[in-house]
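Listed here are the chains, written in short residue letters.
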Amino acid sequence: MTGERGPRAALREAFPTRGPRAALRASGRGEGSPALGPRAALREAFPVTGPGAEGRDEGPSASGPRTALRLPGPRARRLALGLVAAALLAGCSAGPTEAAPDTPETSAATGAAATPDPSRAPTGRTPDGTLLVADFGSDTVTFVDPGRGGSGKGGAPIASVKVGTAPYGLVVGEDGRAWVATAEGVAVVDTRERTRLGLVPYETESGPVTTGEYRGGGMGIALAPDGKHVYVGVNVPGGDGAVEVIDTATRGVTGTASVGMRPFDVDVSPDGREVYSTDHDSFDVTAVDADSLETRRMEVAPYGTEGGLGSWLKPHYAVVRPEDGKLLLPFEGERLAVLDPRTGEVTIEPMTANTHQHGAALASDGTLLVVGTGPIGSDDEDPSLAVRSPDGEERVVPLDGPHEDVAVSKDGRTAYVTGGFTRDGYWNGITVVDLDDEESEPVRLKAGNRPLGIAIL
């Protein structure tokens with residue numbers, strides 16, 4: 001944010017010649033002492049101000065929904081910064097953190113994969129409203145009947161199509177073709193006939209084809225507004241990633257742009273002139289000019305970047321707001337980073353779910369839906385779906401277990417949340433949330449094998 005010092009700058013000012021371990025000692029909290037959770041310490045050091053921040057004054061500089069991170073006084077700041085350093089060290093060494101890329105993955109899936117029932121599969125073309133999910137735990141995409149009126153009740157998987165190893169994100173064009181980012185390449189699927197048409201290999205070298213959270217290959221994927229190009233983020237383990245451009249007519253890669261580490265999500269500006277890669281492990285968003293492929297990196301780190309790869313406080317998914325082209329990036333159920341890609345300026349609005357957040361989607365009326373995967377500290381709340389109206393009001397719908405991504409029906413009345421999750425604790429299904437009826441209970445619909453990306457046909 002322009003004109004303000006972030007947490008890293010404040011840490012350097014408070015401890016100009018000492019590293020984080022010295023800061024830990026200076027705070028009076030030894031490594032064996034109980035530590036605040038990472039977000040609790042950061043909240044204490046850098047409170048959010050503005051509308052919706054209960055019990056806190058906006059301050060004279062706040063206006064409307066825009067808020068800022070405000071530093072405390074010098075003495076309190078030194079103590080709080082010591083606690084921040086302690087929390088970050090505790091998060092990286094003793095507490096739960098996002099695993100480093102070489103950490104072995106252990107399975108914690110609940111229940112067997114939900115396999116399709118051939119007797120339910122339509123004999124003709126796939127009906128409108130069918131759900132399509134990317135089976136990260138397999139090599140398929142699964143077509144799912146969403147049940148009566150799209151409610152999830154009576155629904156079930158109806159067919160699967162092999163696409164390639166560990167599919168992650170997917171996007172569907174108006175022509176009915178789905179583009180699926182796998183570890184091997186981008187698969188092209190005819191969703192109406194439920195067949196794979198081909199596989200577009202990556203030009204970026206991303207290592208051997210593997211599975212798991214840190215596998216190389218495609219992650220986020222998006223389609224140009226005119227449908228002529230697909231943009232896929234390619235993860236290169238241990239290094240910067242790339243956005244590759246695919247011509248949808250020839251099914252060939254026509255260009256590559258270097259972006260940040262682990263491009264979790266890819267989005268396109270409303271006019272199609274820019275592509276945005278949300279770079280998880282480098283705390284930034286890369287804007288790519290769709291014509292020249294020139295790039296510029298914009299840091300988006302409302303909690304700072306201390307902790308590096310071990311930090312939980314990194315960007316995951318983004319959505320582009322159609323009316324002004326700004327990117328909305330949720331963080332930890334506490335802060336919504338609003339990035340203006342024209343200037344690189346980031347403003348902060350408060351959120352209320354207080355849980356680690358991943359997938360996001362926008363309904364046609366501007367309602368923002370954000371998936372809460374569950375707690376990363378003792379002061380965090382359980383998994384949820386945050387439903388945020390354009391004026392900033394939120395309600396939080398509890399979910400049973402971690403989830404990853406979300407899609408919303410065209411009429412904005414129903415949300416479909418995938419249970420795959422990039423980390424352990426996932427389940428093989430979709431949770432269906434009625435957005436109109438606040439009293440209704442979410443419906444769990446078995447579907448797929450660790451489903452991540454989702455689209456509504």
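Reference entry: report on the structure contained in this document.

Thresholds applied
- Within each chain, residues carry numbers counting from 1 in the order of the written sequence.
- In keeping with the predicted nature of the model, local features appear solely for residues at pLDDT of at least 70, side-chain atom pairs appear and are counted solely at 80 or more, and the whole-chain, interface and lining totals rest on all residues.
- Working from all heavy atoms in the structure, the side-chain values ignore hydrogens and water.
- Salt bridge, as used here, is a side-chain nitrogen of Lys or Arg placed within 4 Å of a carboxyl oxygen of Asp or Glu.
- What counts as a helix is a DSSP run of H or I of at least four residues, what counts as a strand is a run of E of at least two, and both are numbered from the N terminus.
- Burial classes: relative accessible area under 20% of the type maximum marks a residue as buried, over 50% as exposed, and values in between as partly exposed (1.4 Å probe, protein chains only).
- As used in this record, nonpolar core signifies buried Ala, Val, Leu, Ile, Met, Phe, Trp, Tyr and Cys residues forming a set joined through side-chain atoms within 4.5 Å.
- Residue contacts are counted whenever heavy atoms from the two residues lie within 4.5 Å of one another.
- A pair of strands is considered paired only if DSSP assigns at least 2 bridges between the two.
- The axes are straight lines fitted to the C-alpha atoms, using for helices just the contacting stretch, and the angles between their N-to-C directions are given from 0 to 180°.
- Only centres within 6.5 Å qualify two rings of Phe, Tyr or Trp (six-membered ring in Trp) as a pair; their planes then separate them into stacked at under 30 degrees, edge-to-face at over 60, and tilted for everything else.

**Topic: the pattern of salt bridges**
Right, on to step 1. Applying the stated criterion to the full structure yields 18 salt bridges.
Right, on to step 2. Asp 281 is paired through a salt bridge with Arg 262; the nearest N and O atoms lie 3.9 Å apart. Remark: Arg 262 occurs in the loop between strand 11 (252-258) and strand 12 (263-268) and Asp 281 occurs in the loop between strand 13 (274-279) and strand 14 (284-289); sequence separation between them is 19 residues. You'll find Asp 281 and Arg 262 in the same group, each marked buried.

**Focus: the nonpolar core**
Right, on to step 1. In terms of nonpolar packing, the biggest core is built from 18 residues, with Val 285, Val 300, Leu 327, Leu 329, Ala 337 and Leu 339 touching the most fellow members.
Right, on to step 2. Elements with a minimum of two residues in this core: strand 14, strand 17 (327-331), strand 18 (335-340) and strand 19 (345-350).
Right, on to step 3. A total of three residues in this core trace back to one element, the largest contributor, which is strand 17.
Right, on to step 4. Excluding its chain neighbours within four sequence positions, the residues that come into contact with Ala 337 are Val 300, Leu 327, Leu 328, Leu 329, Phe 331, Val 346, Thr 347 and Ile 348.

**Focus on the sheet that holds strand 20 (residues 356-362)**
Right, on to step 1. A sheet is described by the order of its strands in space; here four strands give the open sequence 20-21-22-23, paired in antiparallel fashion. Looking at strand neighbours, the two that pair on one side only are strand 20 and strand 23 (394-398), the edges of this open sheet. Each strand axis lies, on average, 20 degrees off the axis of its neighbour in the sheet, ignoring direction.
Right, on to step 2. Bridging between strand 21 (residues 368-374) and strand 22 (residues 384-388) involves five bridges; their strand directions are antiparallel. Residue Val 371 lies in a different strand from strand 22, and its bridge partner there is Leu 385.

**Thoughts on the pairing of strand 27 (residues 443-446)**
Right, on to step 1. A one-sided burial pattern is seen for strand 27, the buried positions being Val 443 and Leu 445 and the unburied ones Arg 444 and Lys 446.
Right, on to step 2. Alignment of strand 26 (residues 429-434) against strand 27, held across four bridges, turns out to be antiparallel. The residue of strand 27 that forms the bridge with Gly 429 is Lys 446.

**Remarks on unusual backbone geometry**
Right, on to step 1. Despite not being glycine, Phe 283 has its phi angle at roughly 55 degrees, a positive value.
Right, on to step 2. For Phe 283, the position within the fold is in the loop between strand 13 and strand 14.
Right, on to step 3. Positive phi outside glycine occurs at Asn 354, with the angle close to 55 degrees.
Right, on to step 4. By relative accessible area, Asn 354 is classed as buried at 15%.

**A short note on the packing of aromatic side chains**
Right, on to step 1. Scanning the model with the defined rule gives three aromatic pairs in all.
Right, on to step 2. Ring centres of Phe 136 and Tyr 168 lie 6.0 Å apart, and the angle between their planes is 80 degrees; on these two criteria the pair is classed as edge-to-face. Note that Phe 136 is positioned in the loop between strand 1 (131-135) and strand 2 (140-145) and Tyr 168 in the loop between strand 3 (156-162) and strand 4 (170-172), a separation of 32 residues in sequence. The pair Phe 136 / Tyr 168 is uniform in exposure class, with both members buried.
Right, on to step 3. On the basis of an interplanar angle of 85 degrees and a centroid distance of 6.1 Å, the ring pair of Tyr 168 and Phe 264 is categorised as edge-to-face. Separated by 96 residues along the polypeptide, Tyr 168 in the loop between strand 3 and strand 4 and Phe 264 in strand 12 bring together distant segments of the chain.

**Some points on the environment of Ala 114**
Right, on to step 1. As for its position among the elements, Ala 114 is in the loop between helix 4 (74-93) and strand 1.
Right, on to step 2. Taking C-alpha positions, Ala 114 is 7.1 Å from Pro 157, a pair spaced 43 residues apart along the chain.
Right, on to step 3. If sequence neighbours within four positions are ignored, Ala 114 has contacts with Pro 157, Asn 428, Lys 446, Ala 447 and Gly 448.

What is shown is where atoms sit, not what they do.
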